Amino acid sequence: MHAIEQAWYRGAPWLSLLAPLEWLYRYIVSARKAAFLSGAKPRYRAPVPVIVVGNITVGGTGKTPLVAWLVEELRAAGLRPGVVSRGYGASAPSYPWMVYADTPPGIAGDEPVLLVQRTGCPLVVDPDRGRAVQHLLEESDCNVVISDDGLQHYALERDIEIVVIDGARGLGNRRCLPAGPLREPVERLRDVDLVVTNGPSAQILPRASHVMTLQPDALQPVCRGSDATQPAPDAGQIHAVAGIGNPQRFFAVLRSMGFAVLEHPVADHHAFSREDISFGDGLPVVMTEKDAVKCREIATGRHWYLPVTASLEEGFAQAVTNLLASAQLHIHS
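Remember, predicted model here, so these are calculated numbers, not experimental data.

Novice: Looking at this model, I keep getting lost on the sheet that holds strand S12 (residues 285-288). Mind explaining?
Specialist: Working definition: the strands of a sheet are paired by backbone hydrogen bonds and lie parallel or antiparallel to each other. On the basis of which strands lie adjacent, the open sheet formed by five strands has the order S9-S13-S12-S10-S11 and mixed pairing. The sheet terminates laterally at strand S9 (220-221) and strand S11 (259-265), the two strands that pair on one side only. The pairing of strand S10 (residues 236-242) with S12 spans three bridges and is classified as parallel. Along S12, the bridge assignment pairs Ala 240 with Val 286. The strands touched by helix H7 (residues 247-256) within the sheet are S10, S11, S12 and strand S13 (303-306), with S11 carrying the most contacts at an inclination of about 165 degrees.

Novice: I keep staring at unusual backbone geometry and nothing clicks. Help me out?
Specialist: With the exception of glycine, the majority of residues adopt a negative phi angle, and the majority of peptide bonds are in the trans configuration. In this structure, the amide linkage connecting Tyr 95 to the following residue, Pro 96, adopts the cis form with an omega of 0 degrees. Turning to its location among the elements, Pro 96 is positioned in the loop between strand S2 (81-85) and strand S3 (97-99). Backbone torsion omega between Leu 177 and Pro 178 reads -5 degrees, so that peptide bond is classified as cis. By the secondary structure assignment, Pro 178 is in the loop between strand S6 (160-166) and strand S7 (194-198). Although it is not a glycine, Arg 174 adopts a positive phi angle of roughly 65 degrees. Of the residues examined, Arg 174 reaches a relative accessible area of 33% and is grouped as partly exposed. For His 269, which is not glycine, the phi dihedral falls at a positive 65 degrees. Structurally, the position occupied by His 269 is in the loop between S11 and S12.

Novice: Whenever I open this one, the layout of surface pockets confuses me. Can you help?
Specialist: Computed from the structure, the second largest pocket encloses a volume of approximately 210 Å³. Around the second largest pocket, the lining is made up of 13 residues, and of these Pro 105, Gln 117, Val 293, Arg 296 and Glu 297 lie nearest the centre. For the lining of the second largest pocket, the secondary-structure elements that each account for two or more residues are helix H5 (110-119) and helix H8 (289-295). Among the elements that line the lining of the second largest pocket, the one with the most residues is H8, at three residues. Within the lining of the second largest pocket, the residues separate by chemical class into six nonpolar, two polar and five charged.

Novice: Would you mind going over the side chain of Thr 197 with me for this structure?
Specialist: Structurally, the position occupied by Thr 197 is in strand S7. Those residues within four positions of Thr 197 in sequence are excluded, and the remaining contacts are Ile 165, Gly 167, Leu 205, Ser 209, His 210, Val 211 and Met 212.

Novice: For this particular structure, what's the right way to read the packing of helix H3 (residues 63-76) against H5?
Specialist: Helix-helix packing: each pair is described by the crossing angle between the helix axes and the interaxial distance. Two elements in contact, H3 and H5, have axes whose closest approach is 10 Å; the angle formed by their N-to-C orientations is 35 degrees. In this structure, the crossing between H3 and H5 has a hand that is right-handed. From H3, Thr 64, Val 67, Ala 68, Val 71, Glu 72 and Arg 75 reach across to H5, where they touch Glu 111, Leu 114, Leu 115, Arg 118 and Thr 119. The residue inventory of the contact of H3 with H5, partitioned by class, reads five nonpolar, two polar and four charged.

Novice: Help me understand the pattern of salt bridges, please; the structure alone is not making it clear to me.
Specialist: When the charged atoms of two side chains lie near each other, side chains of opposite charge can form a pair. Following the criterion strictly, the structure yields 18 salt bridges and no others. Two residues, Arg 118 and Glu 289, come together in a salt bridge whose shortest N-O distance is 2.6 Å. Of this pair, Arg 118 sits in helix H5 while Glu 289 sits in helix H8; the two residues are 171 residues apart in sequence, bridging distant segments of the chain. Judged by its relative accessible area of 29%, Arg 118 is partly exposed. Put simply, Arg 249 and Asp 166 hold a salt bridge, and the shortest N to O gap is 2.7 Å. Taken as a pair, Arg 249 in helix H7 and Asp 166 in strand S6 lie far apart in primary sequence, 83 residues in all. Asp 166 sits in the buried class, given a relative accessible area of 3%. Taken together, the salt bridges that share partners define one network made up of Arg 158, Glu 161, Glu 184 and Arg 188.

Rules of the game
Residues numbered from 1 in each chain as written. Predicted model: local features only at pLDDT ≥ 70, side-chain atom pairs only at ≥ 80, totals over all residues. Heavy atoms only, no water. Pairing = 2+ DSSP bridges. Helix = DSSP H or I, 4+ residues; strand = E, 2+ residues; numbered from the N terminus. Contact = heavy atoms within 4.5 Å. Axes fitted to C-alpha atoms, helices over the stretch in contact; angles between N-to-C directions. Buried < 20%, exposed > 50% of the residue type's maximum accessible area, 1.4 Å probe, protein only. 1 Å grid on protein atoms, 1.4 Å probe; cavity = no way out; pocket = protein on both sides within 12 Å on 5 of 7 lines; lining within 4 Å. Points joined across faces, edges and corners; volume = space filled by probe spheres on them. Nonpolar A, V, L, I, M, F, W, Y, C, P; charged D, E, K, R; others polar. Left-handed = near helix turned anticlockwise from the far one by under 90°. Salt bridge = Lys/Arg side-chain N within 4 Å of Asp/Glu carboxyl O.

Without other data, these values stay purely geometric and don't point to any function.
Structure representation (structure tokens):
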């Protein structure tokens, strides 16, 4: 975590010096949002329900596992979900870009490739979310769209807003950029439909929330083919690599599984090289599923990843179902 991020979550007093810049940021955010909501700037209205899964803080909070959970829940309900994403770090030859399981993460971004590999859902990346939705509907038979991130992308109209908050880190000092981690004022939480905390919340939030837990699955080999023949480690000392928003959460999960962890945190969405995952000894190396997507070509038989599956507390699925039913009635009325 960078020094400024550490200050946000520790409440460093010197951040008050950034108050003028925070006020300017809040004014710009408010004016931009008002321009879209008033009709001064155009918005795209999809002919199917749109669910936005986003956050109001900088950095990862666990949105992608929730998106994967939603895809499976919607399918179980008989719907045909698709996903759109900005594709953080993507450098597609053109946009919009349809993502497949074998699309290089350097083209589409790590999280979109992970989602397609995990769920098989149709997925389009494009910084213009409205254009992404149009392309998704043209190229697939989706009848509900999930936007992975995009809460602040007001050019895309949405029917359901779900905000994910890292339960351990919470909202930090509750101040907006650059004096705090918030993309929008904390009051924004009162406007969204559902709030999900990734793990129990260490802070008191301004509204009720649903708790999501990430359940670890069995370790899987990062590389495929003949190199993936060694047995998975089940105890002992390991190197743990994590390029996610909160690496400590990943390391804690590994420790709870009985591993002695040598920590190697890197920046979220880090572009890995072979040197990043080679430590000059014979110990196993365990990484997140998101990192594994980018390391398949440079991994060996000693490299493993830990898939996690989102589990939502009772009542959340029904809440989504009720909101979706209302959205469908609104669209067809």
